[in-house]
Amino acid sequence: MSSIIYTALEWITRFAYLNLLWIVFTLAGGILFGFFPSTTAMFAVSREWLKGNIDKPVLQMFWNYYRTDFWKSNRLGLFVALIGLLIALDIFYIQSSTELVSWTYIPLFAFMLLNALFLFYLFPSFVHYDIKVRSVIKNAFLLMLINPINNMLILLTLAPLYFLMSFLPALLVIFGGSAYAFITMWFALHAFNKANKASGKVEDFSK
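Every residue gets a number counted from 1 within its own chain, in the order that chain's sequence is written. Side-chain atom pairs in this predicted model are given and counted only at pLDDT of 80 or more, local residue features only at pLDDT of at least 70, and totals for whole chains, interfaces and linings cover all residues. The basis for every side-chain value is the complete set of heavy atoms in the structure, and neither hydrogens nor water enter the calculation.

Asker: Mind showing me how you'd approach the overall build of the chain here?
Answerer: Regarding its fold elements, the chain presents eight helices and zero strands. The helix and strand sequence of the chain, counted from the amino end, reads α-α-α-α-α-α-α-α. Each radius of gyration reported is based on C-alpha atoms, and the globular scaling rule is 2.2 Å times the count of residues to the power 0.38. For a compact globule of 207 residues, the expected C-alpha radius of gyration is about 17 Å, and the chain comes in at 18 Å, within 12% of that figure. In terms of its C-alpha atoms, the chain occupies a principal-axis envelope of roughly 60 × 45 × 35 Å. Residues counted as buried form 40% of the 207 residues belonging to the chain. When contacts within the chain are restricted to residue pairs at least 6 apart in sequence, long-range pairs at least 24 apart make up 74% of them. Just so you have it, the chain exposes about 12,400 Å², and 73% of that area is on carbon and sulfur atoms. A run of H or I in DSSP counts as a helix once it spans at least four residues, and a run of E counts as a strand once it spans at least two, with each numbered from the N terminus. For each residue, the accessible area found with a 1.4 Å probe, counting protein chains only, is set against the maximum for its type, and the residue is called buried under 20%, exposed over 50%, and partly exposed in between. Should any heavy atoms of two residues lie within 4.5 Å, those residues are counted as being in contact. Computed with the Shrake-Rupley method and a 1.4 Å probe, the accessible areas treat only the protein chains shown as cover for residues.

Asker: Would you explain the side chain of Ser-38 in this entry?
Answerer: Tracing the backbone shows Ser-38 in helix α2 (residues 35-50). On the accessibility criterion, Ser-38 (0% relative accessible area) is buried. Each residue touching Ser-38, except ones within four places of it in the same chain, is listed here: Leu-21, Trp-22, Phe-25, Thr-26, Phe-62 and Tyr-66.

Next comes the structure, spelled out in C-alpha cells:
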C-alpha cells in the first residue's frame, strides 16, 4: 500500500512540475512566441514518459524540445491561430447578424468539433514524427478521420476531467495542461501504432 501511495504521489508531482514548466516557459517566450514551443515540449515529455523514459531529468528534456523545435512549433502555431481566428470571426458574425437564424450555428459547431478532434492528434503528431509542418497537419487530419472510436474515447476520458477541474479550478492551474497532454498523447500513440500496422509500411519517421 505504501508503495502504491508513493508511486501515485510521484506521478502527481511529475504532472504538477510539467505543468509548471509549461506555464513558466510560455511566459518566458512572451506568451505569444512561448505558448506553442512550450506546448509541444510538454507533449514531447509526455511521450517520453509513455515510452518508459521516466528517469530522465524533466527540465532537461523540456528545455531540449523547447529550444530545438522553437521556430518549427511557432509555424505550426500560426496555422492553429488562423483556424482559431476564423472560428472567432464566424461566431462574431453570426451573433452580430440579425438576419441569421439559430440553425446557422450547426455548421459552425460541427466545424468546431472537427477542429477539436483534429487538435487531439496535431501536437502528438508534431512530437512523434520528424516531418515538416505541412505533413504534420496532413497526418493529424487523416488520423482524426480514420479513428472515430479513438476520438470518442478521448472525449469520454476528457469530459470527466473537464467537469472535475471546473468544480475545482485549482486543479486546472496545477494539472490542466499536463493531464490533457498525457491523455491525448496516450491515445494518439495507439492511433499511430494502429496506422503503422494497417499501412504495412517499413519507413519509420518517428523521432
